[in-house]
Amino acid sequence: MKYYDKLIFEWSHEGRRGYSLPATPWSNTTDELPARLKRNTDTGLPEVSEPDVVRHYTNLSNMNFGVDTGFYPLGSCTMKYNPKINEEVAALPSFTSLHPLQPAETVQGALQLYYELNRALASLTGMAECTINPFAGAHGELTGLMVMRQYHMKRGDLKRTRIIVPDSAHGTNPASAAVCGLEVVEVKSTPQGTIDLNSLRPLLDDTIAGIMMTNPNTLGLFETEICEIASLVHECGGLLYYDGANMNPLLGVCRPGDMGFDIIHLNLHKTFSTPHGGGGPGAGAVGVAAHLTDYLPNPRVMRNEEGVFTVCDHEDAAGQISGFLGNFGVAMRAYAYIRSLGREYIRQVGPLAILGANYIKESLKDCYKLPIPGLCKHEFVFDGLINKETGVTTLDVAKRLLDYGYHSPTIYFPLLFHQSIMIEPTETESPETIDRFIEVMRLIADEATTEPELVKTAPHNTPIRRLDETTAAKHPVLRYAELSSEN
Amino acid sequence: MNHPYIPHTEADIQRMLDRIGLKTIDELYADVPESVVFKKEYDLPPSLSETEIRRLFNELGAKNRRLTIFAGNGAYDHYAPSVIPYLIERSEFITAYTPYQPEVAQGTLRYIFEYQSLICELTGMECSNASMYDGPTAAAESMFMALAATKKKTRVLISETLLPQVRKVMHTYAKYRGVTLDTIPATDGTTDLAALQAELETDNVAAVLIPSVNRYGIIEDCTGIAEMVHARKGLLMMYADPSALAVIRTPGEWGADIVCGEAQSLGLPLHFGGPYLGFLACRKEWVRKLPGRVVGATTDTDGKRAFVLTLQAREQHIRREKANSNICSNQSLMALYVTIYLSLMGKQGLKEVNDLSYGGAHHLYDRLLETGLFEPVFSRPFLKEFVLKSKLPAENVHHALLDAGILGAIPTEEGYVSFCVTEQRTPEDIDRLLAVIKTLKP
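Residues numbered from 1 in each chain as written. Chains lettered and ligands numbered in written order. Predicted model: local features only at pLDDT ≥ 70, side-chain atom pairs only at ≥ 80, totals over all residues.

1. Considering the overall build of chain B
- Tallying secondary structure elements over chain B gives 14 helices and 17 strands in all.
- With the principal axes as the frame, chain B shows a C-alpha extent of 80 × 55 × 50 Å.
- Every one of the 442 residues in chain B was classed for burial, and the buried ones make up 60%.
- Of all intrachain contacts in chain B linking residues separated by at least 6 positions in sequence, the fraction that spans at least 24 positions is 72%. (Helix = DSSP H or I, 4+ residues; strand = E, 2+ residues; numbered from the N terminus. Buried ≥ 20, exposed ≤ 12 C-beta atoms within 10 Å, placed from the backbone. Contact = placed C-beta atoms within 7 Å.)

This is the structure:
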């Protein structure tokens, strides 16, 4: 990785261009629009040649770390390998050229793909039906909660406006609940890191819409009392929502539907290998149990008795949460992944993801503090270094990892511990890669004792060093015009 | 045999189990209750080789029909320079996560900063976030943003001239959060300003959302609207097509406070509706109400210029249930796509795109009227889309074009037919469309 300082605006040179369009065959231009409707100010867009643009963005890419660069053990993010065939098939013009308003009879292949992915996800999760319309995990959560609320509303059960969320939940859970008009009630974890049934029971009454859980939870622990939780919540008239951010370890092991979950979302960009793209586009497919299928959002893809695919709306749907049928290109990649693994290899995903996480945990627990011993699932959390005397923090360890060519794990989450380091290796990492990572983590633990300053001032080998984030937030400079006017 | 994505051999697995102190892989999930362990087969076909995956997708693709696109309605068939897909597929961009570790994510952070700058330039706003999912969800989030910015007000008004998908998504979001969302009717193809004025009198209106180019393709004349809304201490929000903003008056120039919209028009593939790119921008005073990721400039400890996710105190991972939005992942790679698009097209290119589209659309409009099968509906300036009243049933015209491989004459809510022409349509394409129309009998 190499530091490169330019912004595209700094390549701009009057009169250059990077596009090529035909000469206009038409007699009218926008110059004839009435003056009051026309733009009076300069567009401020740069003028750059094609080679300069290519070089600029190539140089920018050289300052980035991706899964293809190296090991990326970012907990709860499931940074598995992104297969290249998925990119190839998702770029087929027979799909990319389709307008979303094309009638169903002209897009049968696309609808079949949507439908078959929907069926595959239903089978993998034990749900009755899915939608692939939501654009991301958080959007899936919101959609799933809308389904939950619509279910209660349609039954005239209007006082169910509270939702139970564990204190270890992903931040999106309470935020999605609030955006969906639900009041969040937090349920505590036991010292063993799972939901405390004694805290849960008193919360359950006829104002509870449901509970949001992820299993394994954000500590990587399986909620062993899930069946008990499911029957308690169902008895009080609530529904169970499954946050599928942690679905990867369940492939080949168990299914949310069989645990009693009524509504789930899946991050296709985690469990189903589609690239994260530097923060999207993802896809947050939502699945529901049989009694909730009417409430899935519109539009929907259906298959009729003759095997013809149609797009339709249902009058009881929770509503519409996307312009069209979601991030279809992302769905194509996920479908290619599922078909490549097929029923035999997809079973290996969960067990091997779990194997890697436990292997790392057992190999490092003598240097890093393991707050909750025992088996983990796809990920686990250390509470910083065991030796806290040197003052080397989790942040320092994370930054030092960058020097050694690894992406940092998730840090300071979950909030249950002060120095959380959350590690998730995924099944696509070889044992050798994992062994080298363990060596480096042990080396950093040694450095923290022998040369603590080296770790506290890391990173040293990256394109830039630690940033002044305080000034960035106090005096926000959010666009080039502000940056250039400062100089 | 190992799958190519899964490296573990039997020996590897045994060695790893030994380290953990277990005998079999099943012992790894001994804590999973026996009653929920999945012992059946998934209802999936067996694994396919790469050759078979290619064949499968080609076969599915062959069941789609590639049409000549004369349709818009929120998704536009614009030209995209060939270098864009090559650049965005660079694995350092596409296989990265959200830039949480800025020391190894300056590529992502810089392009987001450039993207924010370009969106501000196009819209005339001072701040933009790092992207939203799509136009309709960006509109829904702008509604929540305006409500947070104007605390005590509870009502939002939207124009009937907004695209149907935008109105539907906003109504869905409003329903569950308990927001009163009312619609301002249209008159003669644009937002009815007298009706808007009357609604504003109720005084609890947080914001009004008006499209800059509406669903009839008409450029809305927003003269006086900002003053009208601001006089009642509400916010003016506009739903914009960023491609058009190279030539038409910007929301900033109209006095808007918040701008949202769909940026698919900046060269993104149609791709059956996604991935697209929502955008959201505002004046600086509302920046702390802006949802989602925001990138700011700063320096590193050596004084080098650098970029970082900032103002994170707004976001869900900090505020949890007090957050005004739950957005986390957005459409970052599509933001890179349009950043490269705008860099290549530049000032002149985007103007030419609009001129070519405008010229083609007006040519088609005139020729269609000459056939005698259509009547004008409105007489207001339009850009690249327009609606006509058809003397034949709208569905018949639509299907006749489909039979000839053309997507056009999309029936609207009112039973009009809508057409769109971009710079991708040639005189020959238009002649072919007209030839089909001329075969129809009134």
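2. Digging into the sheet that holds strand S3 (residues 183-187) of chain A
Residues and elements named next belong to chain A.
- Sheet architecture is open: seven strands sit in the order S1-S7-S6-S5-S4-S2-S3, paired in mixed fashion. The sheet is open, and its two edges are formed by strand S1 (129-131) and S3, each paired on a single side. Neighbour-to-neighbour, the strand axes of the sheet open up by a mean angle of 25°, direction not taken into account.
- As defined by bridge partners, strand S2 (residues 162-166) adjoins strand S4 (residues 208-213) across three bridges and the pair is classed as parallel. By the bridge assignment, Arg 162 is partnered in S4 with Ile 208.
- Across the sheet, helix H5 (residues 137-154) touches S4, strand S5 (239-244), strand S6 (263-266) and strand S7 (286-288), and the angle it forms with S6 is around 165°.
- Across the sheet, helix H6 (residues 172-179) is in contact with S2, S3, S4 and S5; its angle to S2 comes to roughly 170°. (Pairing = 2+ DSSP bridges. Axes fitted to C-alpha atoms, helices over the stretch in contact; angles between N-to-C directions.)

3. What about the domain arrangement of chain A?
All names here are of chain A.
- For chain A, the assigned domains are domain 1 (85-340) and domain 2 (349-470).
- In this structure, domain 1 and domain 2 have C-alpha centres spaced 31 Å apart.
- Counting residues at the interface gives 18 residues for domain 1, matched by 16 residues for domain 2.
- Residues that form the side of domain 1 that touches domain 2 fall into these classes: eight nonpolar, nine polar and one charged. (Domains from an automatic or database assignment. Nonpolar A, V, L, I, M, F, W, Y, C, P; charged D, E, K, R; others polar.)

4. Digging into the interface of chain A and chain B
- The interface of chain A with chain B comprises 169 residues on the first partner and 172 residues on the second.
- Looking at which element gives the most residues to the side of chain A that touches chain B, the answer is helix H10 (residues 328-364) of chain A, with 22 residues.
- Across the side of chain A that touches chain B, the residue classes break down as 89 nonpolar, 57 polar and 23 charged.

5. Observations regarding the environment of Val 253 of chain A
- In this fold, Val 253 of chain A is placed in the loop between S5 and helix H9 (256-259).
- What makes Val 253 of chain A buried here is the crowd of 22 C-beta atoms within 10 Å.
- The residues contacting Val 253 of chain A, other than those within four sequence positions of it, are Gly 350 and Pro 351 of chain A together with Tyr 29, Val 32, Val 37 and Phe 38 of chain B.

6. Comments concerning unusual backbone geometry
- Cis rather than trans, the peptide bond between Phe 413 of chain A and Pro 414 of chain A has omega equal to 0°.
- Here Pro 414 of chain A shows up in the loop between strand S11 (410-411) and strand S12 (420-423).
- Phi at Asn 73 of chain B is positive, roughly 55°, even though this residue is not glycine.
- Relative to the assigned elements, Asn 73 of chain B resides in the loop between strand S1 (68-69) and helix H3 (83-88).
- A residue is classified by how many C-beta atoms lie within 10 Å of it, and Asn 73 of chain B, with 19 of them, is partly exposed.
- Look at Phe 272 of chain B: it is not a glycine, yet its phi comes out positive at around 55°.
- One can find Phe 272 of chain B in the loop between strand S9 (258-262) and strand S10 (278-282).
- Overall, the presence of 28 C-beta atoms within 10 Å leaves Phe 272 of chain B in the buried class.

7. Structural notes on the nonpolar core
- The biggest cluster of nonpolar side chains holds 305 residues, and the ones touching the most others in it are Ile 263 and Ala 331 of chain A together with Met 143, Ala 146, Met 237 and Val 338 of chain B.
- Here this core gets 20 residues from one element, more than from any other, and that element is H10 of chain A.
- Residues in contact with Met 237 of chain B, not counting those within four places in the same chain, are Ser 142, Ala 146, Ala 207, Val 208, Leu 209, Ala 256, Asp 257, Ile 258 and Cys 260 of chain B. (Core = buried A, V, L, I, M, F, W, Y, C linked by C-beta atoms within 7 Å.)

8. Some words on the packing of H10 of chain A against helix H2 (residues 50-62) of chain B
- Their axes nearest at 10 Å, the elements H10 of chain A and H2 of chain B cross at an angle of 135°. When the interaxial angle is binned, H10 of chain A and H2 of chain B end up oblique. Judged by the twist between their axes, the crossing of H10 of chain A over H2 of chain B is right-handed. Contact residues: H10 of chain A offers Ala 336, Arg 339 and Ser 340 of chain A, while H2 of chain B offers Ile 53, Leu 56 and Phe 57 of chain B. (Parallel < 35°, antiparallel > 145°, perpendicular 65-115°, else oblique. Left-handed = near helix turned anticlockwise from the far one by under 90°.)

9. Examining the sheet that holds strand S3 (residues 155-159) of chain B
Residues and elements named next belong to chain B.
- The sheet built from seven strands is open, its strands ordered S2-S10-S9-S8-S7-S3-S4 with mixed pairing. Each having just a single partner strand, strand S2 (127-128) and strand S4 (180-184) make up the two edges of the open sheet.
- Pairing geometry for S2 and S10, over two bridges, is antiparallel. Across the sheet, the residue bridging to Cys 127 is Cys 282, located in S10.
- Along the sheet face, helix H8 (residues 193-200) touches S3, S4 and strand S7 (205-211) and points at about 150° away from the line of S4.

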